[in-house]
Amino acid sequence: MQTNLYGASLSKAVFAVLVMKLVEEGLISLDKPLQDYLPKPIYEYDFKVWHEDFRELKSYPEYKKITARMCLDHTSGLPNWRWFESDEKLKIKFEPGTRYSYSGEGLTYLQVVLEKITGKTLEEMAQEKIFKPLKMTNSSYRWQEKFEKDYAYGYDENGKMQEKDKDNAPRGAGTLETTIEDYSKFITAILNKKILNAKSYKEMFGPQIRIRSKNQFGPGALEDGNWNDKTELSYGLGWGLVKTPYGYGAFKEGQGSGFQNYSIVFSDKGIGMLIMSNSYKTGAIMKYLLETGIKDTYTPWEWDQYIPYDKK
């Protein structure tokens, strides 16, 4: 039996591929402002769940500049999540398109617009375009009754079991439930350049914006320098990028509720690695797992704050 694991932000890599499928189909353009697809301002729509509530954007007219590209490369100007803000309110923190700043809210804004354009839910689109074609039968953006048979709890850095969240509204930025077998199918399809066409892969794995911050999160996220110049750390569309002698490595992390996940693919070499764990402590061995598994010495572990246990 396959144990279901919380994918956390590995969700975003799947969502990025879904968006690129919709771009290929001509449903959406990467560079047309998302608000332009809607007949009325996003903040005037009724909402059923908190992540569809955009009323606060009425005070930030610059939101009208946000495009799908900006959401996917984390330059939307929106915060990571509104509840991390001191006042827990949604806001635009900088001019859209000018700076990298990881944002689950940006991807969620894109998701809500897509749902309004298509008249389909995220889950319906993901099943149709990604999960069913790849036979990812144990993957979903919402909790399924069949997962009750076999699922893992997450454990924090002190080994304390975390509560399992089963009632989350589906979000492309972070509610994916999957298995190691299912997500391996996704990573394999990416490595073999299945699902999308060549143009889409080039766009997705092409650097959109250079990242000069010391860390991805925390105070270091606002501290710029040359720490990652050697690998030209950048963001593509939904994936982080490092330049290596073996071509670009495209990576995506995922952590939360006691789960610690990481994936990286070197598509030019046809190799990749997927790590899924239900313990936060895995972050302390991430560097060594990657070096031992595929000789990956390029993952920006300091930026990701995967500080090895013997360097703390």
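Provided above is the structure to which this section pertains.
Counting starts from 1 at the beginning of each chain's written sequence and moves along it residue by residue. With the structure being a predicted model, the display of local features is reserved for residues of pLDDT at least 70 and the display and counting of side-chain atom pairs for 80 or more, all residues being used for whole-chain, interface and lining totals. Only hydrogens and water are removed before side-chain values are computed, so all heavy atoms of the structure are retained for them.

**As for the side chain of Asp156**
Okay, step 1: In this description a helix means any DSSP run of H or I spanning at least four residues, a strand means any run of E spanning at least two, and both kinds are numbered starting from the N terminus. With respect to the helices and strands, Asp156 occurs in the loop between α4 (122-131) and β2 (176-178).
Okay, step 2: In this scheme, a residue with accessible area under 20% of its type's maximum is buried, one over 50% is exposed, and one in between is partly exposed, where area comes from a 1.4 Å probe on protein chains only. Residues scored as charged are limited to Lys and Arg (positive) and Asp and Glu (negative), so that His and the chain ends carry no count. The working definition used for a salt bridge is a side-chain nitrogen of Lys or Arg within 4 Å of a carboxyl oxygen of Asp or Glu. At 5.9 Å, Lys160 is the nearest oppositely charged side chain to Asp156, a buried residue that forms no salt bridge.
Okay, step 3: We define a polar contact as two N or O atoms separated by no more than 3.5 Å, with the added condition that, inside protein, one atom must be a possible hydrogen donor and the other a possible acceptor, whereas residues neighbouring each other in sequence contribute only through side-chain atom pairs. A distance of 2.9 Å separates the side chain of Asp156 from the backbone nitrogen of Asn158, its partner in a polar contact.
Okay, step 4: Only heavy atoms enter the contact rule, under which two residues are in contact if any of them lie within 4.5 Å. Apart from residues lying up to four places away in sequence, Asp156 is in contact with Gln162, Gly258 and Tyr280.

**Topic: the pairing of strand β7 (residues 259-266)**
Okay, step 1: Most of β7 sits out of view: eight of its eight residues are buried.
Okay, step 2: A two-sided burial pattern is seen for β7, the buried positions comprising Phe259, Asn261, Ser263 and Val265 on one face and Gln260, Tyr262, Ile264 and Phe266 on the other.
Okay, step 3: Taking the residues that link successive antiparallel strands as the turn, the strand β6 (residues 247-256)-β7 hairpin has two residues, and the phi of Ser257 there is positive, at about 55°.
Okay, step 4: When DSSP locates at least two bridges between a pair of strands, those strands are taken to pair. Where β7 and strand β8 (residues 271-277) come together, seven bridges link them in antiparallel fashion.

**Re the pairing of β6**
Okay, step 1: In terms of burial, β6 is a largely internal element, eight of the 10 residues being buried.
Okay, step 2: Sheet analysis places strand β5 (residues 240-244) next to β6, joined by five bridges and oriented antiparallel. Across the sheet, Leu241 pairs through a bridge with Ala250, a residue of β6.
Okay, step 3: Where β5 folds back onto β6 in an antiparallel hairpin, the turn is made up of two residues.

**Describing the pattern of salt bridges**
Okay, step 1: What the rule picks out here adds up to 19 salt bridges.
Okay, step 2: Arg69 is paired through a salt bridge with Glu203; the nearest N and O atoms lie 2.9 Å apart. Of the two residues, Arg69 is situated in helix α2 (residues 68-72) and Glu203 in helix α6 (residues 198-204); the sequence distance between them amounts to 134 residues.
Okay, step 3: The class of Glu203 is partly exposed, set by a relative accessible area of 26%.
Okay, step 4: The salt bridge involving Lys287 is made with Glu291; its shortest N-O contact spans 3.0 Å. Of this pair, Lys287 and Glu291 both sit in helix α7 (residues 286-294), four residues apart, roughly one helical turn.
Okay, step 5: Among the residues examined, Glu291 registers a relative accessible area of 25% and is labelled partly exposed.
Okay, step 6: The structure contains a network of salt bridges with shared partners spanning Glu25, Lys120, Glu128 and Lys129.

**Things to note about the sheet that holds β5**
Okay, step 1: Sheet architecture is open: six strands sit in the order β3-β4-β5-β6-β7-β8, paired in antiparallel fashion. Across the chains shown, the open sheet's two edge strands, defined by having one partner strand only, are β3 (209-210) and β8.
Okay, step 2: Note that strand β4 (residues 234-235) and β5 share two bridges and pair antiparallel. When the bridges of β5 are listed, Tyr235 appears paired with Gly240.
Okay, step 3: All axes here are fitted lines through C-alpha atoms, helices being fitted over the stretch that makes contact, and every angle between N-to-C directions spans 0 to 180 degrees. Lying over the sheet, helix α5 (residues 180-191) contacts β7 and β8, oriented at roughly 155° with respect to β8.
Okay, step 4: Along the sheet, α7 contacts β7 and β8; its crossing angle with β8, the most-contacted strand, is approximately 145°.

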